[in-house]
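Examination of the molecular architecture
Below, each chain spelled out in residue letters.
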Amino acid sequence: MVTTAYRSSGFGINRVIRRAVRRLTMTAATDRRMDMSLGWSSLAIAQGSFRRVVRRGRNPRRTPSVVGVASVALLALGLGVITSCGGDTATGLPASKGPAPLARISFSRSVDSVEIQRTSSVGATFFDSTGSVVDAGSTAWSTADTTIATVSAAGVVTGVHTGSTTLTLNANNSVTATLPVVVLPAAVATLTYATTSYTMIEGDTLTIPAPKIVDRTGAVVTGRAPAYSTRAANLSVTSSGFVTALTQGTATVTATLDTAHAQITFTVQQAPIGHVNVVPSVLDLGVGVTIATQSSATGLKGQALPGRPYTYRIDNTSVATVSSTGVVAGRGAGTATLTVATGSGSVNVPISVKQIAPGGFKIDVRFVGKVSPTVQSAALAAAARWEQVISAPLIPYHIVTRANDCGAGIPAVDTTETSLLVIVQVDSIDGRGKTAGLGGPCVIRDAAPQFTALGTVTVDSADVASLAQDGVLVALLTHEMGHILGIGTLWSDGTVRDSTVFFPNTAAGLGGPDPVFLGAGARAAYAQLGFTVDSARGVPIENLGTVGDGTRDGHWRASVFGHELMTGTLNNGPNPLSRITIEALGDFGYTVVPEAGDDFSVMNAQNPGGPVRPSLSLNPPMRGSATTSVPIQEIILYPRFTTTRDGVKRRITNRNQPATPQ
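Here is a short report on the structure shown in this document.

A separate point is helix H8 (residues 520-528). For H8, the full list of buried residues reads Gly521, Ala522, Arg523, Ala525, Tyr526 and Ala527. Residues of H8 that are buried in the fold lie against strand E35 (516-517), strand E36 (539-540), helix H9 (558-561) and helix H10 (579-588). Just past H8, the residue Gly530 takes up positive phi, approximately 90°.

In this section: unusual backbone geometry. Residues Val279 and Pro280 are joined by a peptide bond in cis, for which omega reads -5°. Relative to the elements of secondary structure, Pro280 occurs in the loop between strand E19 (273-279) and strand E20 (283-286). Looking along the chain, the bond that leaves Ala448 and enters Pro449 is cis, with omega of -10°. As for its position among the elements, Pro449 is in the loop between strand E32 (435-445) and strand E33 (452-460). We note that Asn404 has phi near 70°; this positive angle belongs to a residue other than glycine. Tracing the sequence through the fold places Asn404 in the loop between strand E29 (397-401) and strand E30 (413-417). Its identity as a non-glycine residue notwithstanding, Asp553 has a phi of 70°, on the positive side. By the secondary structure assignment, Asp553 is in the loop between E36 and H9.

The strands making up a sheet associate through hydrogen bonds between their backbones, and the pairing can be parallel or antiparallel. On the basis of which strands lie adjacent, the open sheet formed by 4 strands has the order E11-E18-E17-E14 and mixed pairing. Of all strands in the sheet, those with a lone pairing partner are strand E11 (197-201) and strand E14 (227-230), marking the two edges. Pairwise comparison of adjacent strand axes, ignoring direction, gives a mean angle of 30° for this sheet. Sheet topology places strand E17 (residues 249-257) next to strand E18 (residues 260-269); 9 bridges connect them, and they run antiparallel. In the sheet register, Val253 faces E18, and the bridge partner there is Ile264.

Under the defined criterion, the tally for this structure stands at 1 disulfide. Sulfur-sulfur distance for the disulfide between Cys406 and Cys442 comes to 2.0 Å. Between Cys406 and Cys442, the S-S dihedral sits near -80°, and the bridge is therefore left-handed. Within this pair, whereas Cys406 is found in the loop between E29 and E30, its partner Cys442 is found in strand E32, the two being separated by 36 residues in sequence. In terms of burial, Cys406 and Cys442 fall into one category: buried.

Trp556, Ile580, Leu585 and Tyr590 are the most contacted members of the largest nonpolar core, which has 65 residues in total. Elements with a minimum of two residues in this core: strand E28 (363-368), helix H5 (373-389), strand E31 (420-427), E33, helix H6 (464-470), helix H7 (473-485), H8 and H10. Not counting residues up to four positions away in its chain, the partners in contact with Ile580 are Ala522, Ala525, Tyr526, Leu529, Phe531, Val539, Trp556 and Phe561. Formed by 23 residues, the second largest nonpolar core is a distinct cluster that contains Met200, Tyr228, Leu257 and Ile264.

What follows is about the side chain of Glu634. By the element assignment, Glu634 lies in strand E39 (residues 633-636). Glu634 sits in the buried class, given a relative accessible area of 12%. A polar contact is formed between the side chain of Glu634 and the side chain of His483, at a distance of 3.4 Å.

With respect to topology, 3 strands assemble into an open sheet ordered E34-E35-E36, the strand pairing being antiparallel. One side of each edge strand has no neighbouring strand; the edge strands of this open sheet are strand E34 (507-508) and E36. Two strands pair when backbone bridges link them, and E34 and E35 are joined in this way by 2 bridges, in the antiparallel orientation. Note that in E35 the partner of Ala508 across the bridge is Val516.

Here is what the cut-offs are and how they apply
- Residues numbered from 1 in each chain as written.
- Predicted model: local features only at pLDDT ≥ 70, side-chain atom pairs only at ≥ 80, totals over all residues.
- Heavy atoms only, no water.
- Buried < 20%, exposed > 50% of the residue type's maximum accessible area, 1.4 Å probe, protein only.
- Helix = DSSP H or I, 4+ residues; strand = E, 2+ residues; numbered from the N terminus.
- Contact = heavy atoms within 4.5 Å.
- Pairing = 2+ DSSP bridges.
- Axes fitted to C-alpha atoms, helices over the stretch in contact; angles between N-to-C directions.
- Disulfide = S-S within 2.5 Å.
- Core = buried A, V, L, I, M, F, W, Y, C linked by side-chain atoms within 4.5 Å.
- Polar contact = N/O pair within 3.5 Å; in protein donor to acceptor, adjacent residues only side chain to side chain.

Okay, structure coming up:
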């Protein structure tokens, strides 16, 4: 670089340089003798005499070059020329450095997969020791097993045979990296079926035969199967190809394997009717009461025929009427027949309608202590409900007890009852949100059938307000009176309870995994309401909980009967009193009114009050709930005494069943 000062001096550059060179040449010999040789890396200070030149030559014997000499000469003249040749750092200027070495190779993926006879390009990035991306220089690709896969010089992998191997990349003969390679079977190209069209009858089933599978290489594939699916509503198919014909119509099933597809068509024809079923199969209802029915049909082979339309007709409309959806309404006392038909099949359902009103059976409700009008009203409503269920009065019995014989706070009794005496009190039990109530028989008749003569119900004073607010106070008192009548307290299998005292042989398996009630009437109702097709089976009793805890063995099984009144859980909303419970009382010996039962069957057990659709295909048994279960703890009381007609009391001593509250 020539400084501005020189440009303005007016001297010719060439003449100045030649003069400086001659001067330096003349003194070269002297400088060598003084070991001050100038070389390519000479640096000079821009101002000052020539003797201030700092010698940094590599070869002390080498003659200065023209450029080096000229530069020094110009500096000696104060003309400010700096040369940049060489790498000297005598004045503190940085020396030039070479590139950082290659340190690492990174692949574009962690595993490379490729099909047989297919290719896959593998990308690689190279980094130096500082983490900067650099050029790789020379590279070499290889695979550990060329019978599985090969690789080109450009990193293109070709699948040769199914299996796995390792891909290696070497860069500059110094850094290597490896990558797992998996060679997959060739993808399926075609699915070929011997038959692609089927005709079926409603309810028929078949398994789609396996297709011929060919891959992209033309090889036949074995050991694999397509997945099947359909969007049709009249036919179902599992992913493995099991087809069920549901209703009349056409449908398409799609088989899929890898990217290959095939379609199979099905024509479903209507099947002849073998049998029409209606739930409930017996209709007992009161005047002004409605019961929803649900119809279904089976074919000649017993196969289900869902989706059929049904017609409904009642021969005596002064007794009952029926809607187009199968809802039967009681109009007047009497009997009638409901005929349900579809296609060539039909079935007749007997109807019995009664005017539901209290008969000769009376529950004498007495209140002890401070019982609020809310509790009194609920207790009277509960008693009235059971008076509708049991029609005939019982043999009069004289009842004599002392104070507290039937529990703390229960006064002495000396009275004759034609049916049943129930004493209700509100007292502290164990605080809010714990045991809401306790109830059961205290005194039972000594002669068979041993109906209850005196029972008690205690409602925890801390829970009255919340029970009323939740709308379950009436249901709770109705439930406890059901225990007083004998549901859960007087059925016996001869082992857990004394069969010589309680209703003998009305239950089986109490305390075991599958306790059941054996009464013939309850079993028939259990089948008629659609819970089983076998009326010989017992009615399921609750099997959850601990024996003696007040729920297990003392209620109907909630997993089967849902919201029924005499299960172990009450619900916000309906708690229907079913014909099963009514018939169980009939099995004990009471004269009952089956028509007094609520609308309850397998269709709405889990959702009482919810809509019931007339076709079984559209309304399978519900497992949800439109209402909320209220977990209410209770204590069941068991009988302590028997009494004769004239009031002679005897304490029950039964080691298998404690005579005191549990």
